[in-house]
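In case you want the letters, here they are:
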Amino acid sequence: MPTFTLTTTINAAPNTVWDIIADIENSPKVAPEIVRIEMLTPPPFRVGTKWRETRRMNNREAAVVLEVSEVTPGRSYTATSTLMGVEFTSQFTITREREATRLDLHTTSRPITLGGRLFSLLSPLFTPAMKKSMQSDLEAIKRAAESR
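Presented here is a report on the structure given in the accompanying data block. (Residues numbered from 1 in each chain as written. Predicted model: local features only at pLDDT ≥ 70, side-chain atom pairs only at ≥ 80, totals over all residues. Heavy atoms only, no water.)

Now for the overall build of the chain. When its secondary structure is counted, the chain shows three helices and seven strands. For the chain, the proportion of its 148 residues judged to be buried stands at 42%. Considering only residue pairs separated by 6 or more positions, the chain has 50% of its internal contacts joining residues 24 or more positions apart. Carbon and sulfur atoms make up 52% of the accessible area of the chain, which amounts to about 8300 Å² in all. (Helix = DSSP H or I, 4+ residues; strand = E, 2+ residues; numbered from the N terminus. Buried < 20%, exposed > 50% of the residue type's maximum accessible area, 1.4 Å probe, protein only. Contact = heavy atoms within 4.5 Å. Areas by Shrake-Rupley, 256 points an atom, 1.4 Å probe, with all protein chains shown as cover.)

Across a sheet, paired strands are connected by hydrogen bonds in the backbone, their directions being either parallel or antiparallel. Taken in spatial order, the seven strands of this open sheet run S1-S7-S6-S5-S4-S3-S2, and their pairing is antiparallel. Edge strands, defined here as strands with exactly one partner in the open sheet, are strand S1 (4-10) and strand S2 (34-39). For this sheet the average axis-to-axis angle between neighbouring strands, irrespective of direction, equals 25°. In this sheet, strand S6 (residues 86-97) lies alongside strand S5 (residues 76-83) in antiparallel orientation, the contact comprising eight bridges. (Pairing = 2+ DSSP bridges. Axes fitted to C-alpha atoms, helices over the stretch in contact; angles between N-to-C directions.)

Turning our eyes to something else, we now look at the pattern of salt bridges. Overall, the coordinates contain ten salt bridges when judged by the stated rule. With a closest N to O distance of 3.2 Å, glutamate 87 and arginine 110 form a salt bridge. In this pair, glutamate 87 is assigned in strand S6 and arginine 110 in strand S7 (residues 100-111), connecting sequence segments 23 residues apart. What makes arginine 110 partly exposed here is its relative accessible area of 44%. Where lysine 142 meets glutamate 146, a salt bridge forms, and the shortest distance between an N and an O atom there is 3.3 Å. With lysine 142 and glutamate 146 both in helix H3 (residues 114-146) and four residues apart, the pair spans about one turn of that helix. (Salt bridge = Lys/Arg side-chain N within 4 Å of Asp/Glu carboxyl O.)

Time to look at the packing of aromatic side chains. Aromatic ring pairs: the centre-centre distance and the angle between the two ring planes describe each pair. The full count for this structure, using the stated rule, is four aromatic pairs. When the centroid spacing of 6.0 Å and the interplanar angle of 75° are considered together, the rings of tryptophan 18 and phenylalanine 45 count as edge-to-face. Of this pair, tryptophan 18 sits in helix H1 (residues 14-21) while phenylalanine 45 sits in the loop between S2 and strand S3 (50-57), and the two are 27 residues apart along the sequence. Taking relative accessible area as the criterion, tryptophan 18 reaches 12% and is therefore assigned buried. Phenylalanine 45 gets classed as partly exposed once you look at its relative accessible area, which sits at 22%. With 5.3 Å between their ring centres and 40° between their planes, tyrosine 77 and phenylalanine 92 make a pair best called tilted. Here phenylalanine 92 lies in strand S6 and tyrosine 77 lies in strand S5, a separation of 15 residues in the sequence. With a relative accessible area of 4%, tyrosine 77 lands in the buried category. The buried category is assigned to phenylalanine 92, whose relative accessible area is 11%. Grouping aromatic residues by their ring pairs yields a cluster made of Trp18, Phe45, Tyr77 and Phe92. (Phe/Tyr/Trp six-rings, centres within 6.5 Å; stacked < 30°, edge-to-face > 60°.)

We now examine the environment of glutamate 97. Its place among the elements puts glutamate 97 in strand S6. Taking the C-alpha atoms as reference, glutamate 97 lies 9.4 Å from isoleucine 10; in sequence the two are 87 residues apart. Sequence-distant contacts of glutamate 97, that is, excluding residues within four places in its chain, are made with Thr9 and Arg102. At a separation of 2.9 Å, a polar atom in the side chain of glutamate 97 contacts the side chain of arginine 102. (Polar contact = N/O pair within 3.5 Å; in protein donor to acceptor, adjacent residues only side chain to side chain.)

If you want it as structure tokens, here you go:
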């Protein structure tokens, strides 16, 4: 299954980047591939925060429920989701670098059902689209943070 890390350097303060990535409800305003967000838990952003995210990938819409499993406020958060028998884990990490901020997005996946094992065999077909979508999210976060 795919495991990868994407990185971007943002000319903005770490707290500005954090405010954007932790504001799940406003993600569609930041990232054009995110069509809509339905919050399933009330604020504040914390371990246990859940939302349904609908995004456009390959000219199709797909929805997934994500849940925050770890948070270090101002520094990182991890969210998990399950799709087609595969558990996906994504971790955003913010690191100050001189006058800029580095934002890393580390994604892993593992099959959790028989269907997930089948999907894992097909993952080389889906990985490029996943990476492209996530890279687009990072670029959108960068644009939003640098415009503040």
